[in-house]
Amino acid sequence: MIIFSNVQKWYGRYHALKYITAEVKKGEVVVLLGPSGSGKSTLIRTVNRLEEVQEGQILFDGFDVTSTARHQDVNELRSRVGFVFQQFNLFPHMSALDNVTLAPIHVKGLKRSHARELAMTLLERVGMRHKAGSFPGQLSGGQQQRVAIARALAMEPPAMLFDEPTSALDPEMVGEVLSVMRDLANDGMTMMCVTHEMNFAREVADSIWFMDGGEIVEKSTPEVFFSNPTHDRAQRFLADRSKR
């Protein structure tokens, strides 16, 4: 579904991503772990070209993300990649229902009645049907993030990317968002997730990619990573986490 081949990125002289070669299979859940500044968010943001790369190739469901010849198709690409941000990025002047129907109507050309029916189904899926008429300012952070997930799903993407979706939430709201993500994983959605939620990574991931200094320094199953990580930086990372 997603293939990275020798991907490199710089910000000026800063080498943010170094020779990233990895792949995410259809239906697989990959969780990216690592210290702050290790390149996790930068890497997933390259998949829908929120971040451009200077070298290497990225394929998304057969689409060459890095091809300059297809630069004009970036909006088409983004319509096929569900992305959930740290901040919810909902339109504050629109109801939850209207936030979810906006892209299907204006990007995919769905009739309003069809888009509304789809949106209500998705809001129910994330436990927010009863808040369809509410505006973002009337919702908790966890509720807003669940609406944001429904909005991403409304474009029926083949894969979902999550960039620390619970980091802006109060602790009591984290569980409700992770529950929705668990359900998506159980339904077979292809997912890449940047998170600091170790229990979620342990329970839901098919593969852990541990990043440090812009490189993937360890790839393994959750069972192996959490019980016997091989890279010394991963060992220190887990040791630090266990002290908290």
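Report follows, based on the coordinates.

Calculation rules
In this numbering scheme, every chain counts its residues from 1 along its sequence in written order. In keeping with the model being predicted, local features are shown solely for residues with a pLDDT of at least 70 and side-chain atom pairs are shown and tallied solely at 80 or more, while totals for entire chains, interfaces and linings include all residues. Only hydrogens and water are set aside when side-chain values are computed; all heavy atoms of the structure are taken into account. A run of H or I in DSSP counts as a helix once it spans at least four residues, and a run of E counts as a strand once it spans at least two, with each numbered from the N terminus. Our radius of gyration looks at C-alpha atoms and nothing else; its globule reference is 2.2 Å times the residue count to the power 0.38. Summary of the burial criterion: residues with accessible area below 20% of their type's maximum are buried, those above 50% are exposed, and those between are partly exposed, where the area comes from a 1.4 Å probe applied to protein chains only. Residue contacts follow a heavy-atom distance rule, with two residues in contact if any of their heavy atoms lie within 4.5 Å. Strand pairing is assigned whenever DSSP identifies at least 2 bridges connecting the two strands. Axes here mean lines fitted to C-alpha atoms, for a helix over just the part in contact, with angles spanning 0 to 180 degrees between N-to-C directions. Whenever a carboxyl oxygen of Asp or Glu lies within 4 Å of a side-chain nitrogen of Lys or Arg, that contact is scored as a salt bridge.

**Brief notes about the overall build of the chain**
For the chain, the helix and strand inventory stands at nine helices and ten strands. Taking 18 Å as the expected radius of gyration for a compact globule of 244 residues, we find that the chain reaches 18 Å, a close match to that expectation. Expressed as lengths along the three principal axes of its C-alpha atoms, the size of the chain is roughly 55 × 45 × 30 Å. Looking at the 244 residues of the chain, the share that counts as buried comes to 53%. Sequence-distant contacts, at least 24 apart, represent 65% of the contacts inside the chain between residues at least 6 apart.

**Observations concerning helix 1 (residues 40-47)**
Taken across its eight residues, helix 1 has six buried, putting it largely inside the fold. Listed as buried for helix 1 are K40, T42, L43, I44, T46 and V47. Note on helix 1: the residue one or two positions beyond its end, R49, has a positive phi of about 65°.

**So, the sheet that holds strand 3 (residues 29-33)**
Strand order across the open sheet formed by six strands is 6-7-8-3-9-10, with mixed pairing between neighbours. A single partner strand is all that each edge strand has here, and the edge strands are strand 6 (81-84) and strand 10 (215-220). For this sheet the average axis-to-axis angle between neighbouring strands, irrespective of direction, equals 20°. One ladder, built from four bridges, connects strand 3 with strand 8 (residues 190-194); its direction is parallel. In the sheet register, V29 faces strand 8, and the bridge partner there is M191. Of the strands in this sheet, strand 3, strand 6, strand 7 (159-163), strand 8, strand 9 (207-212) and strand 10 touch helix 1, which is tilted by about 150° from strand 7.

**A closer look at the pattern of salt bridges**
Tallied over the full model, the rule gives eleven salt bridges. Residues K108 and E156 are paired through a salt bridge, measuring 3.0 Å at the closest nitrogen-oxygen approach. Separated by 48 residues along the polypeptide, K108 in the loop between helix 3 (96-106) and helix 4 (112-125) and E156 in the loop between helix 5 (141-153) and strand 7 bring together distant segments of the chain. A relative accessible area of 37% means that K108 is categorised as partly exposed. E156 gets classed as exposed once you look at its relative accessible area, which sits at 54%. The residue R182 makes a salt bridge to E203 at a minimum N-O spacing of 3.0 Å.

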